[in-house]
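Notes for the structure review
Chain by chain, the residues run as shown.
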Amino acid sequence: MSRRIDLLRLDYAFSVIVPCLIAVYLNKLNPLSHLDIIIGFLLYAITGNTLNDALDARNPNETETIERIKGYHWKEIGTIAVVGFVFGTMLFIRTIQEHPINGLFLLGSVVMVIVYCLKKDVPVVNQILLGVSHVLFPYLMIKFDAGVPALTAGEWFGMITFFSFAFTGQIVHEVIDGDS
C-alpha cells in the first residue's frame, strides 16, 4: 500500500499556488495579507485531487491500476475531499465578503474542476477548464483581493504564457496517465 500522504497529491497543489504567488510577486503585495486565499487554494487542490481519485475508486478497474488508491474505499477518499472543501471554503469567506466577484471566480473554479472530474475523456476542453480554474481565477482572486483588478499588457502576456505552459503540461500528463 502506498503512503497515506500520497493520497493528497500535494505535488499537484503547486499548479494552483504558483499563480497566486506570481500575483503577489508581480504586484508587490504582502503574501501574508493573502495567506488565507493561498492556503484555501491548497485545500481546494487536495479536494480536486481526492474527488478525482474517489470517482476513480468507484470503478474497480481503476482501483487496480492506480497504486495510490489501492486499499482505500471511495468513501474514505471522498471524505478527505469533503473536509478539504469545507476547510478551504472557510478560508475564502473573508475575500468573498470583501470582494463578491471572488465568489464568482471561486464558484467557477469549483464547477470547472467537478466537470473535469466527471468528464476526463474530453481532452482539450478539460485542459482549458483546468487552466482557467487553476491559473487564471486564482491569479485574479489575489489581484481583486488586493484592490488592483486591472491586468497590464505584461500580465496578459504572462498569463497567456503560463496558461499555455499549464495547458501543454496537462496534455502530457493525461497522455502519460492514459486519460486522453
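Model, not experiment: these values are computed from the prediction.

One pass over the full model with this rule turns up five salt bridges. We note a salt bridge from R9 to D53, for which the minimum N-O separation is 3.3 Å. With a gap of 44 residues between them, R9 in the segment before α1 (14–26) and D53 in helix α2 (residues 35–57) connect regions that are remote in the sequence. As far as the burial class goes, R9 and D53 line up, both buried. D36 is the partner of R94 in a salt bridge, and the nearest nitrogen-oxygen pair spans 2.7 Å. You can see R94 sitting in helix α4 (residues 74–98) and its partner D36 sitting in helix α2, a full 58 residues away along the chain. One connected set of salt bridges, linked through shared partners, spans D36, R94, E98 and D145.

A few words now on the packing of aromatic side chains. We describe a pair of aromatic rings using the distance from one ring centre to the other and the angle between the two ring planes. If you walk through the whole model with that rule in mind, you get five aromatic pairs. Centre to centre, the rings of F41 and F92 are 5.0 Å apart; their planes meet at 70°, and the pair counts as edge-to-face. In this pair, F41 sits in helix α2 while F92 sits in helix α4, placing the two residues 51 residues apart along the sequence. Look at F41 and you get buried, because its relative accessible area is 2%. Accessibility expressed as a relative area gives 0% for F92, which makes it buried. Between F105 and F144 the ring centres are 5.6 Å apart and the planes differ by 55°, which places this aromatic pair in the tilted class. Of the two residues, F105 sits in helix α5 (residues 100–118) while F144 sits in helix α6 (residues 123–146), which places them 39 residues apart along the sequence. One aromatic cluster in this structure is built from F41, Y44, F85 and F92.

With that out of the way, let us pick up the layout of surface pockets. A volume near 860 Å³ is recorded for the largest pocket. Together, 39 residues line the largest pocket, and Y12, S15, N49, L130 and H134 are the ones closest to its centre. Elements with a minimum of two residues in the lining of the largest pocket: α1, α2, α4, α5, α6 and α7 (153–177). Looking at the lining of the largest pocket residue by residue, the class counts come to 23 nonpolar, 14 polar and two charged.

At R9, a position not held by glycine, the phi torsion is positive, near 50°. The class for R9 is buried, based on a relative accessible area of 9%. Of note in the backbone geometry, K28 takes a positive phi value of approximately 55° without being a glycine. Tracing the chain through its elements places K28 in the loop between α1 and α2.

Basis of the calculations
Residues numbered from 1 in each chain as written. Predicted model: local features only at pLDDT ≥ 70, side-chain atom pairs only at ≥ 80, totals over all residues. Heavy atoms only, no water. Salt bridge = Lys/Arg side-chain N within 4 Å of Asp/Glu carboxyl O. Helix = DSSP H or I, 4+ residues; strand = E, 2+ residues; numbered from the N terminus. Buried < 20%, exposed > 50% of the residue type's maximum accessible area, 1.4 Å probe, protein only. Phe/Tyr/Trp six-rings, centres within 6.5 Å; stacked < 30°, edge-to-face > 60°. 1 Å grid on protein atoms, 1.4 Å probe; cavity = no way out; pocket = protein on both sides within 12 Å on 5 of 7 lines; lining within 4 Å. Points joined across faces, edges and corners; volume = space filled by probe spheres on them. Nonpolar A, V, L, I, M, F, W, Y, C, P; charged D, E, K, R; others polar.

These figures come from the coordinates and say nothing about function on their own.
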